[in-house]
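Below, each chain spelled out in residue letters.
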Amino acid sequence: MSPAHVLEPTYRRLKRALMEGTWPDGAKLEAMRLADDFGVSMTPVRDSLNQLVGEGLVHLTPGEGFRVPVLTEQALRDTLEVNAVLLEAAIGDEWCLPGGSDTVASMNGYAHRLAGAFSALARGSGNRLLIDAINWISERLHAVRSREPQVLPDAQHLLERIEASLHGSRNERRNALNHYHAQCQDQVSRLVNHFPD
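Since this is a predicted model, take the numbers as computed values, not measurements. (Residues numbered from 1 in each chain as written. Predicted model: local features only at pLDDT ≥ 70, side-chain atom pairs only at ≥ 80, totals over all residues. Heavy atoms only, no water.)

A. Up close: the packing of helix H8 (residues 155-165) against helix H9 (residues 170-186). As a packed pair, H8 and H9 sit with axes 8 Å apart at the nearest point and diverge in direction by 155°. Viewed along their axes, H8 and H9 adopt a mutual orientation that is roughly antiparallel. Here H8 runs over H9; the crossing is left-handed. Across the interface between the two elements, Leu158, Arg161, Ile162 and Ser165 from H8 touch Glu172, Arg173, Asn175, Ala176, His179, Tyr180 and Gln183 from H9. Residue composition of the contact of H8 with H9, grouped by class: four nonpolar, four polar and three charged. (Axes fitted to C-alpha atoms, helices over the stretch in contact; angles between N-to-C directions. Helix = DSSP H or I, 4+ residues; strand = E, 2+ residues; numbered from the N terminus. Parallel < 35°, antiparallel > 145°, perpendicular 65-115°, else oblique. Left-handed = near helix turned anticlockwise from the far one by under 90°. Contact = heavy atoms within 4.5 Å. Nonpolar A, V, L, I, M, F, W, Y, C, P; charged D, E, K, R; others polar.)

Encoded structure:
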């Protein structure tokens, strides 16, 4: 195992690059090349890649090595459906606005703001498992969500409506989430293949 002072920054850098879509789906992640690029030995890179396999951000096939997972249209549809179900569960009768929700709109970037809004909705449930699951999905979909402003007809408005629903009624939260997920489902092919207008 790598020392924490080398492993942690390597892990964070690699995770950030994967979430930002630095490599295309299916790209081989060669530990030696990454170690050279990051200026570290192969051990923290391998340890980081193995940790990211457990988080679903890297795929490992014995004999073939590490790869960026391939997101198919069906996988995106399934993930969006699960995200919608989890968020619906999160905004149940016991939901209350969590502290720190006012900082969501101050986050930089569409994908970060959307993840922050979904995280706030999850935190309002008080259910740790829902929070973890929704945050896990946000990490997996970060690269796709970064493309949404170029693909979804009114992405910025969808985001602002979700953020505003944090201070609204349960019905407003449900409607904002349903509208967002419906728009994404309608554009799955373009989100996966990234066909800009």
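B. Broad picture of the pattern of salt bridges. The full count for this structure, using the stated rule, is eight salt bridges. For the salt bridge of Glu88 with Arg170, the shortest nitrogen-to-oxygen distance reads 4.0 Å. Here Glu88, found in helix H4 (residues 73-90), pairs with Arg170, found in helix H9; they are 82 residues apart in sequence, far enough to count as distant. Judged by relative accessible area, Glu88 falls into the partly exposed class, the value being 27%. Its relative accessible area of 28% is what places Arg170 among the partly exposed residues. Ionic pairing is found between Arg128 and Asp132, a salt bridge with its closest N-O pair at 2.7 Å. Placement of the pair is Arg128 and Asp132 together in helix H6 (residues 128-140), with a separation of four residues, close to one helical turn. Overall, Arg128 belongs to the exposed group, its relative accessible area being 53%. You can call Asp132 partly exposed: its relative accessible area is 39%. One continuous salt-bridge network, built from bridges that share partners, spans Glu88, Asp93, Arg170 and Arg174. (Salt bridge = Lys/Arg side-chain N within 4 Å of Asp/Glu carboxyl O. Buried < 20%, exposed > 50% of the residue type's maximum accessible area, 1.4 Å probe, protein only.)

C. A look at the environment of Arg67. Residue position: Arg67 is located in strand S3 (residues 65-67). In this structure Arg67 comes out as partly exposed when scored by relative accessible area, which is 29%. Separated by 48 residues in sequence, Arg67 and Met19 have C-alpha atoms that sit 14 Å apart. Apart from residues no more than four positions distant in its own chain, Arg67 is found in contact with Gly26, Ala27, Lys28, Leu29, Val58 and His59. In terms of polar contacts, Arg67 uses its side chain to reach the backbone carbonyl oxygen of Gly26, at 2.9 Å. (Polar contact = N/O pair within 3.5 Å; in protein donor to acceptor, adjacent residues only side chain to side chain.)

D. Layout of the sheet that holds S3. Here we have three strands laid out as an open sheet, ordered S1-S3-S2, and antiparallel in their pairing. Looking at the sheet topology across the chains shown, the edges are occupied by strand S1 (28-29) and strand S2 (59-61). As judged from the three bridges shared by S2 and S3, these two strands associate in the antiparallel manner. Paired with Thr61 across the bridge in S3 is Gly65. The sheet strands contacting helix H3 (residues 42-54) are S1, S2 and S3, and the helix crosses S3 at an angle near 60°. (Pairing = 2+ DSSP bridges.)

E. Quick look at the nonpolar core. In this structure, Leu76, Phe118, Leu121, Ile162 and Tyr180 are the most contacted members of the largest nonpolar core, which totals 35 residues. Ranked by the residues each element gives to this core, the list is headed by helix H5 (residues 110-123), at seven residues. Core analysis: the next-biggest nonpolar cluster, separate from the first, contains 17 residues, Tyr11, Leu14, Met19 and Leu57 among them. (Core = buried A, V, L, I, M, F, W, Y, C linked by side-chain atoms within 4.5 Å.)

Read these as layout, nothing more, since geometry by itself doesn't imply function.
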